[in-house]
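The residues making up each chain are set out below.
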Amino acid sequence: MTPPDRFNPERLIAAACEEAGSDDFGADGWRDGLNRLADGLVNEARLNAIGVEVAYLDVMRALKNRLGVIAWRKQHPEIATEPITQPIVIIGQPRTGTTILYDLLAQDPELRAPLTWEVDEPLPVPQPETYHDDPRIAQVQATIEMSEQIIPGFLKFHPMGALVGQECVRITASEFTSMIFPVQYRLPSYSHWLLYDADYAGAYRYHRMFLQHLQSGVPGQWLLKSPAHLWQLDALLAEYPDALIVQAHRDPLNVISSIAALTHHLRRMASDESSIAECAAQSYEEIVVGLERGMASRDSGAIPPDRIVDVQFTDFMRDPFATIGDIYQKLGRELRPDTEQKMRDFLAAHPSDGGGARYTWSDTGLDAAEVRDRVRAYQDRYAVPTEQLR
């Protein structure tokens, strides 16, 4: 049983303030999310002893990073005036090739992805001269490799590294309005709130502040990625009205079984009680809601057609560089030969292991015909091919 005092919100806040040497968190909207998360970690997450420590460190990092970013901003008020122009944002369901697409586009020297090390350790602001050998890189890499010690095979399932791009959910964790938490931990009440009741405006405001913070040291046109943006396209576009969107598409049934297996794998780091079927039920609800909201946002006309590119998972897997060439053409960018070679070198150094043996539809306990019926409108709209169930 998780000790309630370990996740008492006021104690967490006090400890973070003491460690950070500051007590200014900026706007207060994040507190509701923290309270809900803390309650879920105590009463629903079924944490084991390691899970208690991992979750505690996750919450403390989110609080301390927020304090640090706000403090730095107060010392350097000019950061708040820095524009963020036409960020390229990769969205779509999880497990649709968005990670490798993100990693490949991040090889373009004209694009700026938030790297894992600077997202986890943003203070002080990263500097160009030490951007690739900052001592924080080794520190963050060691933490990542520790997860592989706890769950062997984890990094094959979900490749991570201090020097690769990090997802936006890791940034919005400091607003405590982030899908990163109910993927890592069993949090049904928090997950329901996140999906149906949470106000994401504050999360995207903080997201902008965080990007301004990083780019005050190392500038560039932002390349961003998170499947979670699909659920909140309206909030994303309210904050970044000139964003360029790349949406990946794949048969939702194989997405559901894949994300259920990944969620189960992640939760095993923190809990001895997890089931793929329970993870699949959550994934099913989330995926259906996300696809419906994404279509509604696009129907509203919020995104001009020339600012969004649709990518089929099957096409990308078959010929990634034809897909990337098409993305560049539609975004009006030039794919330089030296940039393409960097992408090819990265892909050669990071081959896919296929991943098919790690999940099967039968593990989900879901009715394939029922799910297929729920997602048919999405598949028809974007001509998403039906894949053979794994």
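Scroll up to find the structure.
A quick note: this is a predicted structure, and the numbers were derived from the prediction, not measured. (Residues numbered from 1 in each chain as written. Predicted model: local features only at pLDDT ≥ 70, side-chain atom pairs only at ≥ 80, totals over all residues. Heavy atoms only, no water.)

Visitor: Please give an account of the overall build of the chain that cites residues and values.
Guide: Summing up its helical and strand segments, the chain has 18 helices and five strands in all. Viewed in the frame of its principal axes, the chain has a C-alpha envelope of about 55 × 45 × 40 Å. In the chain, the share of contacts with a sequence separation of at least 24, taken over all contacts with a separation of at least 6, comes to 78%. Summed over all atoms, the accessible surface of the chain reaches about 16600 Å², with 52% contributed by carbon and sulfur. Averaging the positions of the 37 positive and the 56 negative side-chain charges in the chain gives two centres separated by 2 Å. (Helix = DSSP H or I, 4+ residues; strand = E, 2+ residues; numbered from the N terminus. Contact = heavy atoms within 4.5 Å. Areas by Shrake-Rupley, 256 points an atom, 1.4 Å probe, with all protein chains shown as cover. Lys, Arg positive; Asp, Glu negative; His and termini not counted. Charge placed at Lys NZ, Arg CZ, Asp CG, Glu CD.)

Visitor: Summarise the nonpolar core; cite the residues concerned and give the values.
Guide: Judged by nonpolar contacts, the single largest core of 79 residues is most densely connected at Phe-7, Leu-41, Leu-47, Leu-63, Phe-176 and Ile-245. For this core, the leading source of residues is helix α3 (residues 49-75), giving nine residues. With near-sequence residues (within four places) excluded, Leu-47 lies in contact with Thr-2, Phe-7, Leu-41, Val-52, Ala-55, Tyr-185 and Ala-270. Membership of the second largest hydrophobic core comes to 21 residues, among which are Ile-90, Leu-104, Leu-223 and Val-246. (Core = buried A, V, L, I, M, F, W, Y, C linked by side-chain atoms within 4.5 Å. Buried < 20%, exposed > 50% of the residue type's maximum accessible area, 1.4 Å probe, protein only.)

Visitor: Before we move on, can you summarise the packing of aromatic side chains with the specific residues and values?
Guide: Throughout the structure, instances matching the rule amount to eight aromatic pairs. Relative to Phe-176, the ring of Trp-30 has its centre 6.3 Å away and its plane inclined at 40°; by these criteria the two rings are tilted. Here Trp-30, found in helix α2 (residues 30-43), pairs with Phe-176, found in the loop between α8 (168-172) and α9 (180-184); they are 146 residues apart in sequence, far enough to count as distant. An angle of 10° between the planes, with centres 6.1 Å apart, marks the rings of Phe-176 and Phe-181 as stacked. Both residues of the pair, Phe-176 and Phe-181, belong to the buried class. Cluster of aromatic residues (ring-pair linked, three or more members): Phe-25, Trp-30, Phe-176, Phe-181, Tyr-190 and Trp-193. A cation over a ring is seen here: Arg-6 above Tyr-56, with NZ or CZ 3.9 Å from the ring centre. Over the ring of Phe-313 we find Arg-250, and its NZ or CZ is 4.0 Å from the ring centre. (Phe/Tyr/Trp six-rings, centres within 6.5 Å; stacked < 30°, edge-to-face > 60°. Lys NZ or Arg CZ within 6 Å of the ring centre and 35° of its normal.)

Visitor: Tell me what's going on with the packing of helix α4 (residues 98-105) against helix α16 (residues 320-330), and back it up with residues and numbers.
Guide: Where α4 meets α16, the closest approach of the two axes is 12 Å, and the angle between their N-to-C directions is 65°. By the criterion of interaxial angle, the relationship of α4 to α16 is roughly perpendicular. Considering how the two elements wind past one another, α4 and α16 form a crossing that is right-handed. Counting all contacts with α4, which are made through Leu-101, Leu-104 and Leu-105, the residues of α16 involved are Ile-324, Ile-327 and Tyr-328. By residue class, the composition of the contact of α4 with α16 is six nonpolar, no polar and no charged. (Axes fitted to C-alpha atoms, helices over the stretch in contact; angles between N-to-C directions. Parallel < 35°, antiparallel > 145°, perpendicular 65-115°, else oblique. Left-handed = near helix turned anticlockwise from the far one by under 90°. Nonpolar A, V, L, I, M, F, W, Y, C, P; charged D, E, K, R; others polar.)

Visitor: Break down the packing of α3 against helix α11 (residues 201-215) for me, citing the residues and quoting the values.
Guide: For any two helices packed against each other, one specifies the crossing angle of their axes together with the interaxial distance. Here α3 crosses α11 at 65°, and the two axes come no closer than 10 Å. Our pair here, α3 against α11, has a crossing hand that is left-handed. Where α3 approaches α11, its residues Asn-65, Arg-66, Val-69, Ile-70, Trp-72 and Arg-73 are matched on the opposing element by Tyr-206, Met-209, Phe-210, Gln-212 and His-213. Residues of the contact of α3 with α11, tallied by class, amount to six nonpolar, three polar and two charged.

Visitor: So what's going on with the pairing of strand β1 (residues 88-92)? Residues and values would help.
Guide: With five of five residues buried, β1 is to be regarded as a mostly interior element. Looking at chain direction, β1 and strand β3 (residues 221-225) are connected through three bridges and run parallel. Across the sheet, Ile-88 pairs through a bridge with Leu-223, a residue of β3. Inspection of the sheet shows β1 paired to strand β4 (residues 244-249) by five bridges, in the parallel sense. Its bridge partner lying in β4, Val-89 is registered against Ile-245. (Pairing = 2+ DSSP bridges.)

That is the geometry; function is a separate question.
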